[in-house]
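# Chains, contacts and geometry: an overview
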Amino acid sequence: MGLVSVLLCCRGRSDEAASTASTGSSPILLCAPSNAAVDELLSRLSGGVLNSDGIKSEIKLVRLGKTVISRSTPTDSNNSNDRSTDRSINGLDRFTLDVQVNDTIQKHTLYVAHQATNKEIQQLYKHLSEGSSSSTSAEKLKEMRYRLKYLKLLRANQEKELDILRLIERRNILLQADVVISTLSSSGGSVLYDHVTSSGMNHDANNGSIASSTSASSSVGIGASLFRTTDANPNKSIVFDIVIIDEAAQCTEPAALIPLHYACKHLVLIGDSRQLPATVLSTQDNARTYYGRSLFERLENSGHEVLLLSIQYRMHPEIRMFPSEQFYLGKLVDADFIKNQTMYM
């Protein structure tokens, strides 16, 4: 949350009234390996971030795909039951791209007309069914059949127009987003890719950078020209200058490469290579190909400087001593409020 807040503040986009369309800034693409991790990020960001004045304000979020654990937003949470599965529109589902598109479409006159056409078609089917076994004249039945045929053609045209309208609204919502949140795999899907362009980006490797962060973490500068493309489609108008991958040490390197094909200028990897690695079932292939090694770990092993987030806020100092010495070369330190805690057994 802090990183997203700082990035948005630097671009002057944390204010609720700010929009991508008016500032010309690109959305941040925030990814994680699993749906559960993505929903956790969404849950935290849904409560807003601090703006440049230190005031928490809402930001425009778009979640690709469906939420797995749809929770009430932090402002609605008054008890533990609010953190249970809840698929109501008041939960995280309201941030998904599909829900936002549908909400917009349902207010459009074309959608209202389509609903009215559907209703009249159903009524005509009912009348024709009843009329064939009643005293309805043959001429009247013929008129209803002609009307039904016309309405079916009308409905087909309306549905085509609605499909076009959905594409337009999807693009507009993505354009106006502050942060687009997605799993690594979904970030390579057609829902997003069809609206993204690399136009306006150059091939200067000096403009590309990667920052890796963990509970023990790193900052590196690396040429990003590998992920740039010269295929500029004028119909695509969304650019992700910044890509953030959370839990980057728990995903395989190929998975981490998926969001990078949007030619980002800056990549931030957040994770901890000293904790759980990526899950790879084939141990034999993993040992031979290093498939289970994360991009985060490879960069760290290649000698890129590590930026250690050394202050810990969870463990009692006596518990902290072992992981600090065993895994972090004794560099972990306790937050001030942790130092005086009493350990209860």
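As the structure is a prediction and not an experimental result, all values here were calculated from the model.

### Quick look at the overall build of the chain
A tally of regular secondary structure across the chain gives twelve helices and twelve strands. A total of 345 residues make up the chain; the buried ones form 40% of that total. Long-range contacts, defined as pairs at least 24 residues apart, comprise 72% of the intrachain contacts of the chain with a sequence gap of at least 6. Only carbon and sulfur atoms are counted for the fraction: they give 52% of the accessible area of the chain, which is about 19,400 Å².

### Here's the deal with unusual backbone geometry
Phi at Glu-247 takes a positive value of approximately 50 degrees, unusual for a residue other than glycine. Looking at the secondary structure, you find Glu-247 in the loop between strand 8 (242-245) and helix 8 (253-257). A positive phi angle, close to 55 degrees, is found at Leu-329, a residue other than glycine. With respect to the helices, strands and loops of the structure, Leu-329 is situated in the loop between helix 11 (317-327) and strand 12 (333-334).

### Things to note about the nonpolar core
Leu-29, Leu-174, Phe-240, Ile-245, Leu-267 and Leu-269 are the most contacted members of the largest nonpolar core, which totals 32 residues. Apart from the residues lying within four places of it in its own chain, the contact partners of Leu-29 are Val-180, Leu-192, Phe-240, Ile-242, Val-243, Ile-244, Pro-259 and Tyr-262. Counting residues in hydrophobic clusters, the runner-up holds 21 residues, among them Val-38, Leu-41, Ile-59 and Phe-95.

What counts as what
- Residues numbered from 1 in each chain as written.
- Predicted model: local features only at pLDDT ≥ 70, side-chain atom pairs only at ≥ 80, totals over all residues.
- Heavy atoms only, no water.
- Helix = DSSP H or I, 4+ residues; strand = E, 2+ residues; numbered from the N terminus.
- Buried < 20%, exposed > 50% of the residue type's maximum accessible area, 1.4 Å probe, protein only.
- Contact = heavy atoms within 4.5 Å.
- Areas by Shrake-Rupley, 256 points an atom, 1.4 Å probe, with all protein chains shown as cover.
- Core = buried A, V, L, I, M, F, W, Y, C linked by side-chain atoms within 4.5 Å.

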